[in-house]
Each structure stands twice: as C-alpha cells, then as structure tokens.
Amino acid sequence: MEAPMKAVTVPAFGGPEVLTVVELPDPKPAVGQVVITTEAIGVGGVDTLLRSGALAAYGATPGRVLGQEVAGTVTEVGEDVHTGWIGQRVWAFTGEGGGYTERAVASAETLVPLPQTLSAVDAVTLGSSAMVAHFALRHAHFARGESVLVRGAAGGIGVVAVQLAAGGGAGAIAVTTSSPERGDRLRELGATHVLDRAGRGAENAPAGYDVIIDIASGADLPSFLAMLEPNGRMVAVGVMAGMPPADFGMEIVKAFRKSTSFATFSADTVPTADRRAATAELFAASVRGDLKAVVHEMLSLEEAVLAHQKIENGEVFGRIVLTPSAG
C-alpha cells in the first residue's frame, strides 16, 4: 500500500500564504480516468485567481487542490480506459484543480502522449498556455501579414502567442511588458516593437493593430480597444489585471464606423479532441525547434507559496513549474 501523497490545498481564499501542504489518501481513478505520477506541474495565473477568491463569482470555492495541468507517467487506469496507457509518459489537463500533487487524477480524454525528447517540464510549460494562445489567434481570425499586439506578453500565454504570431507571418508584433529587459527577451522570441504597460514607448510602433490578444484586461482595456485598426479584433483570454470597466464596450460604439470587435476566449468552448490534437502539434513544434518552452524556474511542491508570490510580484517570465522534488 502506497504512503499518503503530498498535495497543496487552498483551505480558505487569501494571499499566497494560505496554500497548505497536506497528505491525502492515494487517489483511485473513476470510470474514464487515470492516475498520473507527476514529474512536473504547471503553475498559471489562473491558479492565483482561484486561490485569492477573484473567481468566486464564477463558482470557484476554497478547499480544493490547485493545478490544471500535469505531466508524468500513467500508473493506474479506471474502467473503460485502455490498459495500454499504463507506463506511458503523458501531459494531462486536470480540470479546475487537482494538479498540485504527487499523484494526480485526470480524464483519459485529455491525455497527450509526450514525444520521447520532450521533458515533462517543457510539456507543462507549453501545455495549456500554448493551446490557449493557438486558439486565441484562431478566434481572432489572425491572417499572415496582419499586425498583432500581445498585451501582458511576458507570461505563459503571451510568450507563446508572440512565437505563434511570428511563425504565422505577422507583419508586426508589438508587446506590452514591464521592463526593457523583458522586452529584449520578447524580441528574441519574435516581437518587433516593445511598449510599456500603457501601450506606449516605441516611436516606430504601428498606430493601430489588426489583432490584439489581451491577457491582462483591467481598467486600461478601453484604451487598447481604441488601438484597433478598421475591422480590428481584440480577444481577451485573461483578467490578470482585474475586470474591465463595466462600460468598456462604449469604446467600440464610439468607433462604430471602424467595424471593430471584442471577444472573450475560453478553452472550455473547444472540443476536447481538438484541444488534444492542437496540444500534440504544439509539442511536436517544440521538438522541431519551432516553439520554445520558456521556463522561469522550477520549484518543489513545498514551495508553492513562493511560486504564487513570484507571479503576483510580476517576477515571472514564462512559467514556473512545480515538481515533487525540484532540484
């Protein structure tokens, strides 16, 4: 019988310090599920929002184990799952939680086999971030030659969106970020213009953009809507800077004759099979060298508090990855 496993829970909403390492019973897979011994666990901005209570209005509750994605080895399968998965290295989406643990449960429908040369750390660094960036650009109907602005580009989704826009032949790729040093790193990934958080600071930057991928939202969102070119499209994929003003849509109405549009994007609206296929292709792109996994730091499960502190302090470029025993 295996010893209890370590996991990180959120007993109550609050700051990073509320994260608690506990021991839980060894999990058992239900019908259609697998158990994965984790090698790497993705840490995302949405985890900090779930922990703080910022998403309580959307049904988030305390008491959960955080973590939406893991990579590791399948060790057990439930009913209706092919036993051939046992022993395979995979990436998996764990849903609204359950990833910050030594042994995670996931639906077999979400499993993506890892290419032999792709590490578990790189898999969770790309994983859901790359998939969201991919479908967000598709949601925006991005086309070769168009100008793109990625707002909040230094995070997991942003660094991939920059690379995908560059690989897709964008005419210009502007990014907003907090420092020249981060701007230089984003240039290495394909950015052509570096702006400050307010969208200023580059004299030769385009006056407007065909596509804006917005990970931040917040109070400044309307000023970015004003930067859209005629027929321009903004897609919001996150609210890391908070919710936008209630009347933000008036900026679109004021520019009625420009035919601009605003949309949100959630991967929840993408069929599971399509998400899995896109993730597999993005992993293959990484193996080919066409897509870089940007790992900020590896930390242990016991350092989850530190991971959340670094995210909220704006220290992270790319993604932080938790491991059961980081070294």
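Everything that follows concerns the structure shown earlier in this document.
Residues numbered from 1 in each chain as written. Predicted model: local features only at pLDDT ≥ 70, side-chain atom pairs only at ≥ 80, totals over all residues. Heavy atoms only, no water.

Our focus in this paragraph is the overall build of the chain. From N to C terminus, the chain includes 8 helices and 15 strands. Its C-alpha radius of gyration of 20 Å places the chain within 12% of the 20 Å reference for a compact globule of 327 residues. Seen along its three principal axes, the alpha-carbon backbone of the chain occupies a region of about 65 × 40 × 35 Å. When the 24 positive and 35 negative side-chain charges of the chain are each reduced to one mean point, those points stand 5 Å apart. (Helix = DSSP H or I, 4+ residues; strand = E, 2+ residues; numbered from the N terminus. Rg over C-alpha atoms; globule rule 2.2 N^0.38 Å. Lys, Arg positive; Asp, Glu negative; His and termini not counted. Charge placed at Lys NZ, Arg CZ, Asp CG, Glu CD.)

With that settled, consider helix 8 (residues 304-312). Three- or four-residue spacings in an α-helix give side chains the same orientation, since the helix completes a turn every 3.6 residues. Buried within helix 8 are the following residues: Ala304, Ala307, His308, Lys310 and Ile311. Along helix 8, the residues classed as buried sweep out an arc of 160 degrees about the axis, all on the same side. Close packing links the buried residues of helix 8 with strand 1 (5-9), strand 3 (33-43), helix 1 (45-52), strand 14 (295-300) and strand 15 (319-323). Phi turns positive, to about 75 degrees, at glycine 314, one or two residues after helix 8. (Buried < 20%, exposed > 50% of the residue type's maximum accessible area, 1.4 Å probe, protein only. Arc of directions from axis to C-beta. Contact = heavy atoms within 4.5 Å.)

All right, on to the packing of helix 2 (residues 120-139) against helix 3 (residues 156-167) then. A packed helix pair is summarised by two numbers, namely the angle formed by the two axes and the spacing between the axes. As a packed pair, helix 2 and helix 3 sit with axes 8 Å apart at the nearest point and diverge in direction by 50 degrees. In terms of axis orientation, helix 2 runs oblique to helix 3. The handedness of the crossing between helix 2 and helix 3 is right-handed. Where helix 2 abuts helix 3, its residues Leu126, Ser129, Ala130, Val132, Ala133, His134 and Leu137 lie against Gly156, Ile157, Val160, Ala161, Leu164 and Ala165. Per-class residue counts for the contact of helix 2 with helix 3 are 10 nonpolar, 3 polar and no charged. (Axes fitted to C-alpha atoms, helices over the stretch in contact; angles between N-to-C directions. Parallel < 35°, antiparallel > 145°, perpendicular 65-115°, else oblique. Left-handed = near helix turned anticlockwise from the far one by under 90°. Nonpolar A, V, L, I, M, F, W, Y, C, P; charged D, E, K, R; others polar.)

Summarising the sheet, strand 4 (residues 69-77) and strand 5 (residues 89-93) pair through 5 bridges and their orientation is antiparallel. For alanine 71, the partnering residue across the bridge sits in strand 5 and is tryptophan 91. Sheet topology places strand 5 next to strand 7 (residues 112-113); 2 bridges connect them, and they run antiparallel. Bridge pairing in strand 7 places tryptophan 91 opposite valine 112. (Pairing = 2+ DSSP bridges.)

Overall, the coordinates contain 14 salt bridges when judged by the stated rule. Salt-bridge contacts for arginine 89 lead to glutamate 39; the nearest nitrogen and oxygen are separated by 3.9 Å. Here glutamate 39 lies in strand 3 and arginine 89 lies in strand 5, a separation of 50 residues in the sequence. A residue is classified by how much of its surface remains accessible, and arginine 89, at 27% relative accessible area, is partly exposed. Of the charged contacts in the structure, one is a salt bridge between arginine 233 and glutamate 146, with a shortest N-O distance of 2.8 Å. Taken together, the residues arginine 233 in strand 12 (residues 228-236) and glutamate 146 in the loop between helix 2 and strand 8 (147-151) connect sequence positions 87 residues apart. Both residues of the pair, arginine 233 and glutamate 146, belong to the buried class. (Salt bridge = Lys/Arg side-chain N within 4 Å of Asp/Glu carboxyl O.)

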